[in-house]
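Summary of the model geometry
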Amino acid sequence: MNVPHFLIRSAIQFPSRPLWIDGEGTISFGEGRRRLDRVAISLLEVAKQYDRVAILTSNRFEGFEIYLAAMHAGMAAVPMNPRNHPREYAYTITDSSASVLVYSEEFASTVREIAQFATLPPNVYCIGDWQEGMPGRPYDELVQGEDLGAPKVNIDPDDVAWLFYTSGTTGQPKGAMETHRNLVQMVHHFLTGGLDDANENDVMLHLAPISHGTTSIGLVFLARGGAQAFPLSKSFDPEKVCEAIQKYRVTATMMAPTMVQMLVSSDAIKTHNLSSLKSIVYGGAPMHRAVLEDAMKKLGPVFIQSYGQGEAAACCAALNKQDHICGDDPVKIKRLSSVGREATGVIIRIVNEAGQELPTGEAGEIAIRSDLVMRGYWNKPEATAAAKVNGWLRTGDVGYLDDGGYLFLTDRVKDMIISGGSNIYPREIEEVLYTHPAIAEVAVIGLPDEKWGESVAAIVVLKAGANATQEELIGYTRQHIASYKKPKRVIFADALPKSSYGKVLKRELRDHYKAHVPTN
Ligand code: AMP
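**Let's talk about the side chain of S211**
Position of S211 relative to the elements: it lies in the loop between β10 (203-205) and α8 (213-223). Those residues in contact with S211, other than ones at most four positions away along the chain, are Y67, P79, M80, N81, P82, W162, F164 and Y501.

This is the structure:
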């Protein structure tokens, strides 16, 4: 089994159903399969099986197509986040020694900048309107040519399909080698779990950058003959998103929690018909319960949470739709703050530093054993040995399991605060602050403290026109959680620094506020 086979199998079953939808029209599964074969054959004319194909595109169908075509040629797709810096792309291209680079037209000048920091791969192609003087050659050249059927390559399930550079929120990015087996396992999980109703009538709208989780979810619909829609290539605008959902009768999408928050706080959801939506997968960063409850009130029980990481493709645990329906049951309501239960084919253990399993309810590092777990880091055997211990992936996330097997993420190992010898998990304090009506966003971090080692600080972004004081917010927290966990300091800010995937950069906040602690 290999990943592009999902497309081939659906093309046999549904040759005339739409596969790709964009602002210009649709391409059927039959035609999409022809293009897939042809692009893969063209790649094999300029590069070899097992080579790496670096890909820097906006959200357009050719971006998804080239990921699949690279895999179909037995090469590894190397997705690059469109919001990164040219230096980061240069690092990725050099570290992966990519022999092909495919970019979309908006990135022509970025590609020229990359060339200042790295040698570009020998084969560069431009998706979109390539003009004389732009780097490389037109992508259309890869699509055109005689139909020769599928490429004759023997793909092993353990070949690398997706070389995913971790976001590097903790250190230098590393290429996680996700194999065909890993991604196929991920699709199986969703098809036996939260997306078991996926079918050929589905239309999945790609909103988050296709260099990340939305493509994984797209594979699930690909496997069932559903369509992939890319009408919007620009940044997240709730008005345009609602227009697209209405126009294309979108049934499924994937969003980062911040996107969900932006969507449901916009008036656009009141003025559009969003009734076609069946499934919204969210994940990649903490979803705070107050935000989720508001979203469910407005959009209904359509939510599915997924917890995973580049090292264990997309979904190690999931909170399925039925888990979101709680009534007045306090246990179920509490579980809305969890990331759900083990995905099919995944074993989760909570371990201490020595790797010993901890009892139910006790917090420790989350370890994963599954066919989802990456083969290792590209060219980094030491980092691989530290991450995969006796077959178990050490995720670097801290959490605990409740007696129903629901996993509660408390934080990244490195974000935990140790104050006066007690472990404090910022997530718990953030959950409380998110229920305060004046707060739009909050991040809790530890700052150096002479007496306690570290003390709790809450960096707060207020809603437009709202007011709150430090004393009021500290008092509010105190009503809900133990006194030693309450913030010692509340710092008001205009915005929180976020990674290109919408994760709050706590390391950056710590470095910044360590250097200048403001007085309110
Ligand atoms: P990445 O490898 O860039 O996908 O980042 C993975 C990290 O994002 C995980 O190790 C978690 O720290 C965080 N993460 C992923 N999914 C969730 C989720 N559902 N809730 C909270 N944090 C998450």
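**Here's the deal with the pattern of salt bridges**
For side chains of opposite charge, pairing can occur when their charged atoms come near one another. Evaluation of the coordinates by the stated rule reveals 26 salt bridges. In this structure, E365 engages R394 in a salt bridge whose closest nitrogen and oxygen atoms are separated by 3.5 Å. Remark: R394 occurs in strand β20 (residues 392-401) and E365 occurs in strand β18 (residues 364-370); sequence separation between them is 29 residues. For R394, a relative accessible area of 18% translates into the label buried. Residues joined in a network through salt bridges with shared partners are E31, R34 and D147.

**Things to note about the sheet that holds strand β25 (residues 453-462)**
Taking strand neighbours across the sheet as the criterion, the three strands line up as β24-β25-β26 in an open arrangement whose pairing is mixed. A single partner strand is all that each edge strand has here, and the edge strands are β24 (439-449) and β26 (489-492). Across the sheet, the mean angle separating the axes of adjacent strands is 30° when strand polarity is ignored. Pairing geometry for β24 and β25, over ten bridges, is antiparallel. Note on β25: the bridge partner recorded for P448 is E454. Where helix α17 (residues 506-515) meets the sheet, it contacts β24, β25 and β26, and its direction lies at approximately 60° from that of β24.

**Structural notes on the site of the ligand**
Around the ligand, the structure places 17 residues, and the nearest of them are Q305, Q309, G310, D397 and R412. Q305 places a polar side-chain atom, nitrogen or oxygen, 2.9 Å from a nitrogen atom of the ligand. Considered on its own, the ligand offers 500 Å² of accessible surface; in the complex 91% of this is hidden by protein. The element contributing the most residues to the shell around the ligand is strand β14 (residues 303-309), with five residues. Among the residues forming the shell around the ligand, the class breakdown is five nonpolar, nine polar and three charged.

**Section: the sheet that holds β10**
In spatial order, the strands read β2-β1-β11-β10-β12-β13-β14-β15-β16; together these nine strands make up an open sheet with mixed pairing. At either margin of the open sheet sits one strand with a lone partner, and together these are β2 (25-28) and β16 (341-342). Bridge count for β10 against strand β12 (residues 252-255) is two bridges, and the pairing is parallel. If you follow L205 over to β12, its bridge partner there is T253.

**Concerning the pairing of strand β1 (residues 18-22)**
The element β1 is extensively covered by neighbouring structure, given that four of its five residues are classed as buried. With four bridges joining them, β1 and β2 adopt antiparallel strand pairing. Looking at β2, one finds that D22 is bridged to G25. The pairing of β1 with strand β11 (residues 227-230) spans three bridges and is parallel. Along β11, the bridge assignment pairs D22 with F230.

**Considering unusual backbone geometry**
Of note, Y50 is a non-glycine position whose phi angle comes to about 75°, a positive value. Within the fold, Y50 resides in the loop between α2 (29-46) and β3 (52-56). A positive phi angle, close to 55°, is found at A314, a residue other than glycine. Along the polypeptide, A314 turns up in strand β15 (residues 312-319).

**Description of the nonpolar core**
Counting residues in hydrophobic clusters, the biggest one holds 84 residues, and the most contacted among them are L7, W20, L43, L68, L219 and L407. For this core, the element with the most residues is helix α3 (residues 61-72), which contributes eight residues. Not counting the four nearest positions on each side in its chain, L407 is found in contact with Y307, A317, S338, V339, G340, I348, I350, I366, Y400 and L401. Within the second largest apolar cluster, 60 residues are counted, among which are Y248, I269, V432 and I474.

**Here's the deal with the packing of α3 against α8**
Look at α3 against α8: their axes get within 12 Å of each other, and the N-to-C directions meet at 80°. By the angle class used here, α3 and α8 are roughly perpendicular. Of the residues in α8, those touching α3 at F64, Y67 and L68 are T215, G218, L219 and L222. Looking at the contact of α3 with α8 residue by residue, the classes come out as five nonpolar, two polar and no charged.

**Examining the packing of aromatic side chains**
The full count for this structure, using the stated rule, is eight aromatic pairs. Measuring from centroid to centroid gives 6.0 Å for Y282 and F303, while their planes differ by 65°, and the two rings are edge-to-face. Of the two residues, Y282 is situated in strand β13 (residues 279-283) and F303 in strand β14; the sequence distance between them amounts to 21 residues. With a relative accessible area of 0%, Y282 lands in the buried category. Take F303: its relative accessible area is 0%, and that puts it in the buried class. On the numbers, 5.0 Å between centres and 5° between planes, the contact of Y400 with F408 is stacked.

What counts and what doesn't
- Residues numbered from 1 in each chain as written.
- Predicted model: local features only at pLDDT ≥ 70, side-chain atom pairs only at ≥ 80, totals over all residues.
- Heavy atoms only, no water.
- Helix = DSSP H or I, 4+ residues; strand = E, 2+ residues; numbered from the N terminus.
- Contact = heavy atoms within 4.5 Å.
- Salt bridge = Lys/Arg side-chain N within 4 Å of Asp/Glu carboxyl O.
- Buried < 20%, exposed > 50% of the residue type's maximum accessible area, 1.4 Å probe, protein only.
- Pairing = 2+ DSSP bridges.
- Axes fitted to C-alpha atoms, helices over the stretch in contact; angles between N-to-C directions.
- Near = heavy atom within 4 Å.
- Polar contact = N/O pair within 3.5 Å; in protein donor to acceptor, adjacent residues only side chain to side chain.
- Areas by Shrake-Rupley, 256 points an atom, 1.4 Å probe, with all protein chains shown as cover.
- Nonpolar A, V, L, I, M, F, W, Y, C, P; charged D, E, K, R; others polar.
- Core = buried A, V, L, I, M, F, W, Y, C linked by side-chain atoms within 4.5 Å.
- Parallel < 35°, antiparallel > 145°, perpendicular 65-115°, else oblique.
- Phe/Tyr/Trp six-rings, centres within 6.5 Å; stacked < 30°, edge-to-face > 60°.

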